[in-house]
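Take a look at the letters that make up each chain.
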Amino acid sequence: MDFDSTLFETSASRELRAVKGSKKDWDAIYACIPQFRLYDGWEEVLNHIQRKGISLAIVSAAKTELIEKTLTHFGIECGAIVGFQRYIKKPSPRLMEMALKKLNLRPDEVIYIGDSKEDEELSRNSGVQFFGALWDSSDRDYLSSCTSTLSRPEGIIHVL
């Protein structure tokens with residue numbers, strides 16, 4: 001799944017993360033993590049995933065360390081994290097391939113949940129089934145027109 005606007009509402013760090021290059025203040029960004037919010041319904045989904053022994057992975061443009069620190073803060077276990085890659089960007093299938101390799105899974109064994117056009121394209125380019133997360137998507141119209149969508153995180157339980 002994606003990280004920002006899919007699993008977590010991270011607007012507390014948006015301005016700090018928008019700064020380009022070496023001027024980015026990562027300590028200030030990490031200090032925002034307690035202000036992040038797990039979207040309503042995800043706790044139930046994560047408990048279901050854990051009970052069923054389903055692997056969880058995050059493929060995101062966010063910095064890997066930010067994802068790791070956030071998951072640790074919220075007590076969420078994750079089997080694979082593929083974060084920001086300097087030379088590989090969404091929708092390159094290489095990002096999904098890295099996650100699949102870490103989990104030793106094939107594309108037909110995975111679903112990807114994301115909130116953006118790039119997430120949908122990443123899934124399509126990777127041969128992975130996609131569900132558009134509409135709860136905080138800025139690409140709601142695009143996702144609704146081209147893919148299966150979920151209006152609330154709890155819908156993932158029914159998909160699984």
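Each value, and the rule that gives it
- Residues numbered from 1 in each chain as written.
- Predicted model: local features only at pLDDT ≥ 70, side-chain atom pairs only at ≥ 80, totals over all residues.
- Heavy atoms only, no water.
- Salt bridge = Lys/Arg side-chain N within 4 Å of Asp/Glu carboxyl O.
- Helix = DSSP H or I, 4+ residues; strand = E, 2+ residues; numbered from the N terminus.
- Buried < 20%, exposed > 50% of the residue type's maximum accessible area, 1.4 Å probe, protein only.
- Phe/Tyr/Trp six-rings, centres within 6.5 Å; stacked < 30°, edge-to-face > 60°.
- Pairing = 2+ DSSP bridges.
- Axes fitted to C-alpha atoms, helices over the stretch in contact; angles between N-to-C directions.

Peer 1: Which parts of the structure should I look at to understand the pattern of salt bridges?
Peer 2: A side chain with one charge can pair with a side chain of the opposite charge if their charged atoms come near. Evaluated as defined, the whole model comprises 8 salt bridges. Between Arg-124 and Glu-120 there is a salt bridge; the shortest N-O distance is 2.8 Å. Of the two residues, Arg-124 and Glu-120 both sit in helix H6 (residues 117–126), 4 residues apart, roughly one turn of that helix. Residue class for Glu-120 comes out buried when judged on its relative accessible area of 8%. Two residues, Glu-154 and Arg-152, come together in a salt bridge whose shortest N-O distance is 2.8 Å. It is possible to trace a salt-bridge network through shared partners that takes in Asp-2, Lys-90 and Asp-119.

Peer 1: So what exactly am I meant to see when it comes to the packing of aromatic side chains here?
Peer 2: For any pair of aromatic rings, the description consists of the separation of the ring centres together with the inter-plane angle of the planes. Under the criterion given, the structure shown has 5 aromatic pairs. Centroid distance Trp-42 to Trp-135: 6.4 Å. Interplanar angle 75 degrees. Geometry classified as edge-to-face. Within this pair, whereas Trp-42 is found in helix H3 (residues 42–52), its partner Trp-135 is found in the loop between strand S6 (129–133) and helix H7 (140–146), the two being separated by 93 residues in sequence. Neither Trp-42 nor Trp-135 differs from the other in exposure class; each is buried.

Peer 1: What is the right way to look at the sheet that holds strand S5 (residues 111–114) in this model?
Peer 2: In any sheet, the strands associate via hydrogen bonds between backbone groups, in a parallel or an antiparallel arrangement. With parallel pairing, the 3 strands of this open sheet are ordered in space as S5-S6-S7. Of all the strands in the sheet, just S5 and strand S7 (148–150) have a single pairing partner and so form its edges. The average undirected angle you get between the axes of adjacent strands in this sheet is 30 degrees. Relative to S6, S5 runs parallel, the two sharing 4 bridges.

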